[in-house]
Amino acid sequence: MDAVPSSAPARRTVIMAGAGAAALAVCPRTAAAATAAAAPLADRPAEAAELPLRADRTTQGDVLAGSRKDQACLLLLHFRDVVLARRWLARLVPELSTTEEMARFNALFSAARVKAGGTDPASLSALWTGLSLTYPGLRLFAGRDPFPAVPAGSTAEAFRQGAALRAEALGDTGASAPASWLFGAEEPRRAVHAVLSLSADDPDRLARSVTRHREALATAGATIVFRQDAGTLPGALRGHEHFGFTDGISQPGVRGFHAPDPETGTTVQGKPGTRLVPAGEFLVGQEKAGQRPAGLPAWATGGSFQVVRRLAQDVPGWWEQARRRLVELKKAGAAPPDATATWVAARLVGRWPGGTPIAGCPLAEVPGPVGTDPDARLTYHEDAQGWHTPLFAHIRKGNPRDGLVPGPGRPALDPGVLDNRRIIRRGIPFGPAYDPQHPEGAGGPDTPRGLLFIGYQADLVQQFEFVAKKWVNESDFPAGRNPRVGADPVIGPDSPVTFETESDSGSRACTLRFGRYVRTQGALYAFTPSLPTLLALSRGTLDDSVEVHPGTVLRAGDVLDAGAVRLTLDADGDLVVLDRSGAHRWSAGTAGTGHDALFSRDGELTVRTEAGASVWTSGTAGHPGARLLVKPSGDVVILDVDRVLWRAPGGHVG
């Protein structure tokens, strides 16, 4: 973080860092206590041991900690000279903000904000820097393809193809098609290589930083393909997006980063409505839900796939639509006589503008005390019909929680089943707020405005793309209902939606049609690497061995493909190494007995029976921190730093 003192008189200290149910008339307040003042992590060694990810100085901070700044600027970059680009990268890496730095600052800021009754502390200020690389960018810096193999349907394939080639499947059609994008669909000679993210509390400080980086980029011969400025909306809209709703509330908790509630162990302390999700769903190399293999090269360890989307919002159009649908609902007897457009809009979103879920507050918003979790009591488990929170509501489409019924008459799924669909979101508005009183000025309907969406996940296909295709844009989700639920009316495509209310005979359905008032104007798939990977790239090197991370379990059919060689567990339970043609080069001899294979945190690879008994082992226990690599050279090895502990016989085929 740049350590330039703030010029704002009120900022006295600069924290320096380096690299529904209308019958329900009562709205229950959440019971969670306000967060206690937090000391820096370094002063809490016990917590540092329990939450190791908070002390991580190798991963970039925006992934888990979040920059949380009022002002932001994204510079989308194209490099022409790889030598100059690598020099620029080497100078930039020490400036990049780490998880430890952001987590420490955010803890101090949050504690001071709670103490001040919800007011941001003027004495704390920060400037954060982050860098992500697209597939063309990784290939440029590495000097070769960053993937030894690109299996069909994999995240590697999605990343290589990029957002523009996958736009139609994601609903980016018509006015949202790549042909009209401001970025992300450039010709190869102008392709975006990198996303430089700058954010700060103070706009002047951010402006100085942008100027300094522009000068450094000019020296490196780089072209700024697109610049996106963004910032928190002023006044009563602070913390809200342009439609007027509080944004960024429902973020997943991350194991090893967020403290668990001692009573449950499965939710975040102080946020009883927030599940803890395995960190490997967001950060490559950490344990994933179900201990699934990431199947990615070693360079991806410590990083996260990033989705960047510029979403334009037609504010007057969206609210006019809400007013028209209100008239229809009242005629159908599906809305109270005194309901307003806000009543309708809240059902489209699933929350009132201040963030309170409509599930417990159907008539009007009653916010809880400062520091409490608005989702503390949010549940859909007893609301299978969507009478309280409509099944099409934006927050329910994107995160069904405990209310996902896979088919009529079937029980709801355990929410843990959906852990591998969660995404960390870092949205921030761009453009001035809409002002109907001044339609000819900057607040008019024709002024560009919307949301800059940034999302992080470890698997583009199973997380962002799955949620977009199978949930948000899918009219038959939840499935098997007649009439169909409809698509997300906030960010989804044009779609009829089914508004269900309780009646004497059960459920009464009213069909409404919603148009699209959020338009995609640009999209990118990028990757936010660890600092060690970026340093390696600045030297033109990249470890493209496919890594099996400690704690990973291989099951029948799992394939770790390094091109020249593949490690897989056959359907008969045999752990084998195959060459490019599919011929066996090595076998553990566990056919008929093996059920899965575990690479332990102690450095040992073991094939186990269904009962968990060992039937084969690499004999490398006692080496915590050891790495299992499937190398494009043809080797499958377990390494302790550079020492080979085990090698699959028949290696060196490439």
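Here the structure is shown first, and the text comes after it.
Residues numbered from 1 in each chain as written. Predicted model: local features only at pLDDT ≥ 70, side-chain atom pairs only at ≥ 80, totals over all residues. Heavy atoms only, no water.

Visitor: Requested: an account of the overall build of the chain, with residues and values cited.
Guide: Helices and strands together make up the secondary structure of the chain, namely 12 helices and 26 strands. Scaling as 2.2 N^0.38, a compact globule of 654 residues should have a C-alpha radius of gyration of about 26 Å, and the chain matches this with 25 Å. Projected onto the principal axes, the alpha-carbon positions of the chain cover approximately 75 × 60 × 50 Å. Put simply, the chain has 654 residues, and 54% of those count as buried. Carbon and sulfur atoms make up 53% of the accessible area of the chain, which totals about 26,500 Å². For the chain, the distance from the average position of its 70 positive side-chain charges to the average position of its 69 negative side-chain charges is 3 Å. (Helix = DSSP H or I, 4+ residues; strand = E, 2+ residues; numbered from the N terminus. Rg over C-alpha atoms; globule rule 2.2 N^0.38 Å. Buried < 20%, exposed > 50% of the residue type's maximum accessible area, 1.4 Å probe, protein only. Areas by Shrake-Rupley, 256 points an atom, 1.4 Å probe, with all protein chains shown as cover. Lys, Arg positive; Asp, Glu negative; His and termini not counted. Charge placed at Lys NZ, Arg CZ, Asp CG, Glu CD.)

Visitor: So, the environment of valine 559: which residues are in play, and what are the values?
Guide: One can find valine 559 in strand β17 (residues 559-561). Between the C-alpha atom of valine 559 and that of leucine 569, which follows or precedes it by 10 residues, the distance is 7.2 Å. Every residue in contact with valine 559, bar those within four places of it in the chain, is listed here: Arg566, Leu567 and Thr568. (Contact = heavy atoms within 4.5 Å.)

Visitor: I'd love a proper account of the nonpolar core, names of residues and values included.
Guide: Proteins that are soluble and globular tend to have nonpolar side chains buried together. Core analysis: the largest hydrophobic core is formed by 91 residues, its most contacted members being Leu131 and Trp318. Tallying contributions element by element places helix α9 (residues 341-349) first for this core, with 7 residues. Leu53, Phe226, Phe257 and Ala279 belong to the second largest nonpolar core, which has 34 residues in total. (Core = buried A, V, L, I, M, F, W, Y, C linked by side-chain atoms within 4.5 Å.)

Visitor: Please give an account of the environment of aspartate 202 that cites residues and values.
Guide: Within the secondary structure, aspartate 202 sits in the loop between β3 (194-200) and α7 (203-219). On a C-alpha basis, the gap between aspartate 202 and alanine 526 in space is 27 Å, while along the polypeptide they are 324 residues apart. Only 3.0 Å separates the side chain of aspartate 202 from the backbone nitrogen of aspartate 204, close enough to count as a polar contact. (Polar contact = N/O pair within 3.5 Å; in protein donor to acceptor, adjacent residues only side chain to side chain.)

Visitor: Break down the side chain of lysine 69 for me, with residues and values.
Guide: Mapped onto the secondary structure, lysine 69 falls in the loop between α2 (61-64) and β1 (71-79). Among the residues examined, lysine 69 registers a relative accessible area of 7% and is labelled buried. Residues contacting lysine 69, with those up to four places away along its chain left out, are Phe105, Ala126, Trp128, Ser199, Ala200, Asp201, Thr232 and Ile428.

Visitor: Give me the packing of aromatic side chains: which residues, what numbers.
Guide: Applying the stated rule across the entire model yields 25 aromatic pairs. Ring geometry for phenylalanine 79 versus phenylalanine 141: centroids 5.7 Å apart, planes at 70°, classification edge-to-face. Of the two residues, phenylalanine 79 is situated in strand β1 and phenylalanine 141 in helix α5 (residues 135-142); the sequence distance between them amounts to 62 residues. Across the pair, exposure class does not vary: phenylalanine 79 and phenylalanine 141 are buried alike. Where tyrosine 135 meets phenylalanine 159, the ring centres are 6.3 Å apart and the plane angle is 90°; that geometry is what we call edge-to-face. With tyrosine 135 in helix α5 and phenylalanine 159 in helix α6 (residues 155-165), this residue pair connects regions lying 24 residues apart in the sequence. Judged on exposure class, the residue tyrosine 135 and its partner phenylalanine 159 are both buried. (Phe/Tyr/Trp six-rings, centres within 6.5 Å; stacked < 30°, edge-to-face > 60°.)

Visitor: Can you lay out the packing of helix α8 (residues 315-331) against α9 for me, pointing to particular residues and giving the numbers?
Guide: Running from N to C, α8 and α9 cross one another at 105°; their axes reach a closest spacing of 8 Å. Compared by their axis directions, α8 and α9 come out roughly perpendicular. In this structure, α8 contributes Trp318, Trp319, Ala322, Arg323, Leu326 and Leu329 to the contact, and α9 contributes Ala341, Thr342, Trp343, Val344, Ala345, Leu348 and Val349. Split by residue class, the contact of α8 with α9 holds 11 nonpolar, 1 polar and 1 charged. (Axes fitted to C-alpha atoms, helices over the stretch in contact; angles between N-to-C directions. Parallel < 35°, antiparallel > 145°, perpendicular 65-115°, else oblique. Nonpolar A, V, L, I, M, F, W, Y, C, P; charged D, E, K, R; others polar.)

Visitor: Can you lay out the pattern of salt bridges for me, pointing to particular residues and giving the numbers?
Guide: A full pass over the atoms with the stated rule returns 31 salt bridges. In this structure, glutamate 100 engages arginine 57 in a salt bridge whose closest nitrogen and oxygen atoms are separated by 3.9 Å. Residue glutamate 100 is found in helix α4 (residues 99-115), and its partner arginine 57 is found in the loop between α1 (45-50) and α2; the two are separated by 43 residues along the sequence. A residue is classified by how much of its surface remains accessible, and glutamate 100, at 11% relative accessible area, is buried. The class for arginine 57 is exposed, based on a relative accessible area of 59%. (Salt bridge = Lys/Arg side-chain N within 4 Å of Asp/Glu carboxyl O.)

Visitor: Report on the packing of helix α3 (residues 82-92) against helix α12 (residues 531-538), specifying residues and quantitative values.
Guide: At their nearest, the axes of α3 and α12 sit 8 Å apart, and the two run at 145° to each other. Crossing hand, α3 versus α12: left-handed. Residue-level inspection shows Arg86, Leu89 and Ala90 of α3 in contact with α12, the latter providing Leu534, Leu537 and Ser538. (Left-handed = near helix turned anticlockwise from the far one by under 90°.)

Visitor: Before we move on, could you go through the sheet that holds strand β25 (residues 636-640) and cite the residues and values that matter?
Guide: If you walk across this open sheet you meet the 4 strands as β15-β24-β25-β26, and the pairing is antiparallel. Edge positions in the open sheet fall to β15 (546-548) and β26 (643-647), since each of these has one partner strand only. Each strand axis lies, on average, 35° off the axis of its neighbour in the sheet, ignoring direction. For β15 and strand β24 (residues 627-630), the ladder comprises 3 bridges, and the chain directions are antiparallel. From the neighbouring strand, valine 548 faces β24, where its bridge partner is leucine 628. (Pairing = 2+ DSSP bridges.)

Shape is all these values report; function is a separate question.
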